[in-house]
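Residues per chain are reported as follows:
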Amino acid sequence: MANSDESLIRRFKNGDEESFKELVKRYQARIYSIVFAMMGDKNDADDICQEIFVKLYRSLYQFRGKSKFFTWLYRLTVNTCINAQNGRKRKLQTISLSHPVGESEQSLVEFIEQDGENCSIDILKNKELGMKINSAIDCLSDDLKEVFILREIEDLSYRELAKILQCSEGTIKSRLFRARDRLKEKLLPYINNS
Amino acid sequence: MKCRWSKENLSAYIDGELNIITGWIIKRHAKFCPECQKELNELQKISKLSKLLLIKEPEFDFYEQVREKLQQVKIAQQEKPEIAAERKSIERMWTFLPQSGKAALLVGVAALLFFLVIYPQIFPAPSLSIEQFEEEYLRSRETLPWVESPALSATLMSAERG
Amino acid sequence: MNLVKYLIALFIFTFSFILTFATFTFPSRAEDSEHIMRSSFATTFQIDFEGIKEVYIYRPQTFRFVTRVIYQKPDFVYTEYLEPDQLKGKIIIDDGKRRIEYLSVEDRTRILPSFNHPQMETLREMALKVVLSNFKISFLSREEMLGREVYVFELSPKNTISPSLKLWIDKETYLTLQRETYGPGGEPVFFFRYIEVEFNKEFSREKLYEKIPQTAQIKKEPPLVSYFTEKEITEKLKFPVCFPTYLPPGYVFQAGELTEEKRDVKLIYTNGLEVIVLFQRPRVNIMMRHHRWVRTDKMRIRYVTGPYGSTLVWDGEDKTFVLMGDVPVEELIKVAQSVE
């Protein structure tokens, strides 16, 4: 039977390092997806994800279990991303050799994942749609972006979202509505063609 | 009027966050209102596509990277008291140094600075940014007829220079 | 007897028909393909042309650029970026003497030596020779594209690390209208095609120059660049130069460049499509972000792989080396290890 988050944390507090590894493996993909979507930049995502888990390691002893673990972890994630965004200078992004693949391209030239060997025009069209979606998400304001990303990646309920983002459920509902409305506005011509 | 109310609730409807009655009203309304039905389809499509695009996998050795970073943090914390001790011992040395020793040291530093200004080439620049090498590389590359221009020119121009 | 004569006549007729067909319709003979390749290398300097070009680069994400390109005989090239938004309005004008790059977003101008300068011809000629020796050229078909007849060629590499290419070359002017590049594993690396073309169009160069703000910088002269052979480099330099003894398959020495103080050397190697560049200079600390390490018994190398290849940095006894190239990083490591 899989260990619950709580039992892993208990074991970690008793000095079992392996349980921390299990926690990282359990959440790494989800946290990474959130951070990548928030930052729009692979290397920033790598650095910030590592930072989040280091923070987690150091503060896990203080976790009292009043709220659910994942609510706590997502709040840590969102706060770390927002701090990083505030700290990051808003300047023209570059594609540069010294930046590993995928670091900053998204802001300079919208991109999507490579999806196969073919180079046919159809695939290019699909890629274009992906590019449009990514850039539309990127254009959302931070408060709309975070709630939309958390909802779409994690399928969290409005109540859970409200806890993580520390606002009311009504605010979550209206933000999601606004986020989707903006996306729809930008993507309508592409969605209907696809 | 009803359409507007319905549209405002479609987002919550696709998230399954409406109570049973409101959900049922929306469902029924969308069934008979082609405009709301269309909007519902569009929202679902966007949600589905975004989900596909947003989910990413970290690198396979992610945990190892985290562990390495944890080690670095631990080492940095351990080093701190040593650095403090070192600084104290240097301060102590300076206080115990005779006046002539202090003067000699200051003259030495001044001479070094003087030479640095007069003959900067004696002291090679302490550090260079990799970007200037990249620009040179790209210039050589782009002189070939079949390089992937014009993308490279973009890099050339946008590369940050100090 | 008559029958034999008729047969011979028929044979000669058929043979000459086939020969004519083959010569004028399909470039089936090797020298024809070579001729077309050779012409396509220099065609941008022999036409008056305007086109809209769409470029895709997969590294591994997809980048997309759209540019307006103007060629004017004998050495004028104008490029204007239409997409993406962040580069929109970027203009490059190369008039054979200097190259002006203007980035409207930042209102910044840069002057470089011209890429169409007559001395570049030697480099182009050499690149062509290397391409012809590194690739097997095969004629695939004749097609129609943008209302023009095109030859479709395939270039398959004679080694395992080079890319393979497919070219769509305009029959009349030899301009490449579409090109697809595939990596050694068959994955797409690069793709461009013209989506609009107009030949024999006349332009006013002045109008094109007007698009760049006439700041004082425009009048600045570009830095001088001279190319040297391996021997000349060794003689001119103030310290002994190191040359690699290993090069990835298909690569040969192209040229060397020196800085004015003759302290920095740049050695350029090419396979006709790409370059590998080795910089060496008195020891210096080179700042690099997000690098990884590779350790061999002799040295510790920092490296990073970006959209246009990999960069390796390491220190020798009294020198610092930087190696850049668009080949697998393992190949670059081998080159680095062989530097003597």
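Calculation rules
Residues numbered from 1 in each chain as written. Chains lettered and ligands numbered in written order. Predicted model: local features only at pLDDT ≥ 70, side-chain atom pairs only at ≥ 80, totals over all residues. Heavy atoms only, no water. Phe/Tyr/Trp six-rings, centres within 6.5 Å; stacked < 30°, edge-to-face > 60°. Buried < 20%, exposed > 50% of the residue type's maximum accessible area, 1.4 Å probe, protein only. Lys NZ or Arg CZ within 6 Å of the ring centre and 35° of its normal. Core = buried A, V, L, I, M, F, W, Y, C linked by side-chain atoms within 4.5 Å. Helix = DSSP H or I, 4+ residues; strand = E, 2+ residues; numbered from the N terminus. Contact = heavy atoms within 4.5 Å. pLDDT = per-residue confidence, 0-100. Pairing = 2+ DSSP bridges.

**Overview of the packing of aromatic side chains**
- Applying the stated criterion to the full structure yields 25 aromatic pairs over all chains.
- Summarising the aromatic geometry, the rings of Phe63 of chain A and Phe69 of chain A are spaced 5.8 Å apart at their centres and angled 85° between planes, so their arrangement reads as edge-to-face. There is no split in this pair, since Phe63 of chain A and Phe69 of chain A are both buried.
- Phe69 of chain A gets classed as buried once you look at its relative accessible area, which sits at 1%.
- The ring of Phe36 of chain A is capped by Lys56 of chain B, whose NZ or CZ atom sits 4.5 Å from the centre of that ring.
- Its guanidinium or amino end placed over the ring of Phe199 of chain C, Arg148 of chain C lies 3.7 Å from that ring's centre, counting from NZ or CZ.

**What about the nonpolar core?**
- Counting residues in hydrophobic clusters, the biggest one holds 69 residues, and the most contacted among them are Phe20, Tyr27, Ile31, Val35, Leu60 and Phe69 of chain A.
- With 12 residues, helix 2 (residues 17-39) of chain A is the single largest residue contributor to this core.
- Every residue in contact with Val35 of chain A, bar those within four places of it in the chain, is listed here: Gly40, Ala45, Ile48, Cys49, Ile52, Thr77 and Cys81 of chain A.
- Grouped together as the second largest cluster of nonpolar side chains are 63 residues, Ile92, Leu167, Leu177 and Ala255 of chain C included.

**Notes on the confidence of the model for chain B**
All names here are of chain B.
- In the predicted model, chain B carries a mean pLDDT of 78, and 80% of its residues have values of at least 70.
- Confidence, expressed as mean pLDDT per element, reaches its minimum in chain B at helix 7 (residues 151-158) with 45 and its maximum at helix 2 (residues 20-32) with 88.
- The low-confidence segment residues 153-162, where pLDDT is below 50, has 41 contacts with residues more than four positions distant or belonging to other chains.

**Overview of the pairing of strand 13 (residues 265-270) of chain C**
Residue and element names in this part refer to chain C.
- Of all 6 residues that make up strand 13, 6 are buried, and the element is covered over most of its length.
- Burial of the side chains of strand 13 extends over both faces: Val265, Leu267 and Tyr269 are buried on one face and Lys266, Ile268 and Thr270 on the other.
- Pairing geometry for strand 12 (residues 252-258) and strand 13, over 6 bridges, is antiparallel. Note that in strand 13 the partner of Ala255 across the bridge is Ile268.

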